[in-house]
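Residues per chain are reported as follows:
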Amino acid sequence: MASSSSSGGSGKGEDSTLRPGSSGLASETTPLLAAAPVATTADPNVASAIADGSESNSPLLVKPEDKPLPKVQIFFLCYARLVEPIAFFSIFPFINQMVQENGGLDEEDVGFYGGLIESLFSLTQMCVMLLWGRAADRWGRKPVLVLSLVGIAVTTSFFGLSRTIWQMIVLRCLAGVFAGTIVTIRTMIAEHSTPRTQARSFSWFAFSGNAGLFFGPLIGGALADPAHQYPGTFGGVPFFEDYPYALSSIVVGGIGLTAVVTSAVFIEETLHMSKRPATGSDGNEANAPPRPEPTSILSIIKAPGVGIVLHNYGHAMLLGLAYSAIVSVFWFTSPEKGGFGFSPLQISLFMGLTGLSQALWLILIFPPLQHRFGTNGVLRACGIAYPFFIVLMPILNLILIQDTDASRISFWVVATFSLTIGPGVSMAFTGVQLALNDVSPSPETLGTLNALALTITSGLRAFSPILFTSLFAIGVKQHVLSGYLVWLVLFILAAAFTVSTRFLPAASEKD
């Protein structure tokens, strides 16, 4: 994946991906959160990790160039990385049905409560992420990682036992409290890496995130309500009839507990690797040049190109988060009310295939495109494609409600096309991270700039689900625009992104 940032774009982009104070490798004066990638969804954490996994000539930690990559450590860290996206996305196939059954809700009201539960997970995650980062900087990466994995495993296991909406909300919030593993794992991988090996290590980090996105919905959908899905095996078992969503939650929690064991036994502490004193040109610590004073956030935002890139960053993340929030309830809703009428198993398959397609686009297609057309070129292409991708969803519903043999065949042909080509717009998530690196005013401010972008994304992730699922519910319940209200809003946002990408600064243009 080194070519995704070093082969294209400006020379500045090559050096700024991992510079002193950047998000690439941690240092003694780089807090854990400032060194972390900016997160998003379905799953934008992965996209920014790919962007940060590029080679650089200015590593933050001076390490031997020939130091081999500790493959065992990277493997177990990537395994731990699987837990958070599996826990987050495993409930998506059945969350709407579970909300409807536990709350006795009308179909039109399901989207609101499903979005509320998703939003509260992200909101609590945003509120405690800084605390996890400070704890890891003070007491070590490994204990924080193990503790957070224990919390996710336990709270996720109990989620399937919820019998009321309030119990679902409380347990989902508790899971969000412990979902800070992404920050810790990303920094530990950085501290294990050298300029020669970081591209490989972060490519595997990115792949494991997409694997979690792929397997989470599959596990959730395949194991939901086993008494009815697999009556020969689980039929007549009172526990699974009383708690139809317990099995999937327990299995996900079990995966988390295996990560707890492997992390506690095999993963090494890396905090000591970042605590290396700065030295001068003669190797004498006392003669080291003074570190630059931190620049204010306002002055960073006012720097040339930063404002418009931050806008495009937030805009791209908003589109991704909004689509991720409504797509599961859209697939769940009956065709007559504007959806697809999918079962939990069908939803899990579609979500898993979407994650797989997104991973292939990011790993195989993005690097050569960025090399050929530059970061801005890829972003503008995504900006053009996004409105077409959005408008395809209501068109698929219009095809489905015809309820003829020809329309059903047409639906599956077009749906397959959308699953294959549509996730290509996810390249925008990686592109905006590279653009952000390119416009950083100085190497010392890149960490702060990434932290600012992280804050923006966390806020969007917290409030987007409830906002857009509510719009979806209003459109369906009031039959506004034949139930397509939310798609009109998303189309307008996508068209605005098309326009905003035209104003990207020259720093990320193809040379």
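As the structure is a computational prediction, the values presented were derived from the model and not from experiment.

The rules we used
Residues numbered from 1 in each chain as written. Predicted model: local features only at pLDDT ≥ 70, side-chain atom pairs only at ≥ 80, totals over all residues. Heavy atoms only, no water. pLDDT = per-residue confidence, 0-100. Contact = heavy atoms within 4.5 Å. Patch = residues over 30% accessible without salt bridge, like charges linked within 9 Å, V, L, I, M, F, W, Y side chains within 5 Å. Areas by Shrake-Rupley, 256 points an atom, 1.4 Å probe, with all protein chains shown as cover. Salt bridge = Lys/Arg side-chain N within 4 Å of Asp/Glu carboxyl O. Helix = DSSP H or I, 4+ residues; strand = E, 2+ residues; numbered from the N terminus. Buried < 20%, exposed > 50% of the residue type's maximum accessible area, 1.4 Å probe, protein only. 1 Å grid on protein atoms, 1.4 Å probe; cavity = no way out; pocket = protein on both sides within 12 Å on 5 of 7 lines; lining within 4 Å. Points joined across faces, edges and corners; volume = space filled by probe spheres on them. Nonpolar A, V, L, I, M, F, W, Y, C, P; charged D, E, K, R; others polar. Axes fitted to C-alpha atoms, helices over the stretch in contact; angles between N-to-C directions. Parallel < 35°, antiparallel > 145°, perpendicular 65-115°, else oblique. Left-handed = near helix turned anticlockwise from the far one by under 90°. Polar contact = N/O pair within 3.5 Å; in protein donor to acceptor, adjacent residues only side chain to side chain. Core = buried A, V, L, I, M, F, W, Y, C linked by side-chain atoms within 4.5 Å. Phe/Tyr/Trp six-rings, centres within 6.5 Å; stacked < 30°, edge-to-face > 60°. Lys NZ or Arg CZ within 6 Å of the ring centre and 35° of its normal.

S.K.: Can you explain the confidence of the model for the chain? Please cite residues and give values.
M.R.: The predicted model of the chain has a mean per-residue pLDDT of 78, with 77% of residues at 70 or higher. Contacts for the low-pLDDT stretch residues 1–64, under 50 throughout, to residues beyond four places or in other chains number 231 contacts. Segment residues 276–283: pLDDT under 50, and 16 contacts once partners within four positions in sequence are set aside and those in other chains are kept.

S.K.: Quick rundown of a nonpolar patch on the surface? Include the residues and the values.
M.R.: On the surface, I384, F388, V391, I395, L481, L488, F491 and I492 cluster together into a nonpolar patch covering about 730 Å² of accessible area. Within the residue set of the nonpolar patch, elements represented by two or more residues are α19 (344–400) and α23 (485–500). At 4 residues, α19 tops the list of elements feeding residues into the nonpolar patch. Mapped onto the elements of the fold, L488 is located in helix α23. Of the residues examined, L488 reaches a relative accessible area of 41% and is grouped as partly exposed.

S.K.: Describe empty space enclosed by the protein, listing the residues and the values that go with them.
M.R.: Across all of its chains, the model carries 6 cavities of 30 Å³ or more by this definition. Reported here for the second largest cavity is a volume of approximately 90 Å³. Along the wall of the second largest cavity there are 11 residues; nearest its centre are F88, F92, L321, S324 and P465. If you list the elements that add at least two residues to the lining of the second largest cavity, you get α5 (83–89), α7 (110–139), α18 (306–332) and α22 (446–477). Sorting elements by how many residues they give to the lining of the second largest cavity places α18 first, with 3 residues. The residue inventory of the lining of the second largest cavity, partitioned by class, reads 6 nonpolar, 3 polar and 2 charged.

S.K.: Quick one: what's the story with the packing of α18 against helix α21 (residues 427–438), residue by residue and with numbers?
M.R.: The contact between α18 and α21 brings their axes to 9 Å, and the two run at 160 degrees. Judged on the interaxial angle alone, α21 and α18 are roughly antiparallel. Crossing hand, α18 versus α21: left-handed. Together, V309, L310, N312, Y313, A316, M317 and G320 of α18 and A428, F429, V432, Q433, A435 and L436 of α21 make up the contact between the two elements.

S.K.: Residue-level account of unusual backbone geometry, with values.
M.R.: For D225, which is not glycine, the phi torsion reads 50 degrees and is therefore positive. Mapped onto the elements, D225 comes out in the loop between α11 (198–223) and α12 (226–229). What makes D225 buried here is its relative accessible area of 16%. At L481, a residue that is not glycine, the phi angle is positive and equals roughly 55 degrees. The residue L481 is located in the loop between α22 and α23 in this model. A relative accessible area of 47% places L481 in the partly exposed class.

S.K.: Give a description of the environment of T155 that names residues and reports values.
M.R.: As for its placement among the helices and strands, T155 is situated in helix α8 (residues 141–159). Setting aside residues no more than four positions away along its own chain, T155 makes contact with L171, L174 and A175. From its side chain, T155 meets the backbone oxygen of G151 in a polar contact 2.7 Å long.

S.K.: Now, about the environment of S482: what can you tell me, with residues and values included?
M.R.: Position of S482 relative to the elements: it lies in the loop between α22 and α23. With a relative accessible area of 42%, S482 lands in the partly exposed category. Linking S482 and E336, residues 146 residues apart in sequence, is a C-alpha distance of 9.5 Å.

S.K.: Any details on the nonpolar core? Residues and values, ideally.
M.R.: F159, W331, F340, Y386, M393 and W487 are the most contacted members of the largest nonpolar core, which totals 110 residues. When sequence neighbours within four positions are dropped, the list of residues in contact with F340 reads F330, W331, T333, P335, M393, L396, N397, L400 and F411. In terms of nonpolar packing, the next biggest core, distinct from the first, is built from 5 residues, V128, W132, A135 and V144 among them.

S.K.: Explain the packing of aromatic side chains to me, using residue names and the numbers behind them.
M.R.: Counting across every chain of the model gives 27 aromatic pairs. With a centroid separation of 5.0 Å and an interplanar angle of 80 degrees, the aromatic rings of F214 and F215 are classed as edge-to-face. Overall, the relative accessible area of 41% leaves F215 in the partly exposed class. Here W331 and F342 contribute two aromatic rings whose centre-to-centre distance is 6.4 Å and whose plane-to-plane angle is 40 degrees, an arrangement assigned as tilted. With a gap of 11 residues between them, W331 in helix α18 and F342 in the loop between α18 and α19 connect regions that are remote in the sequence. Each member of the pair, W331 as well as F342, is classed as buried. Between R163 and the ring centre of Y243, over which it is positioned, the NZ or CZ distance is 5.0 Å.

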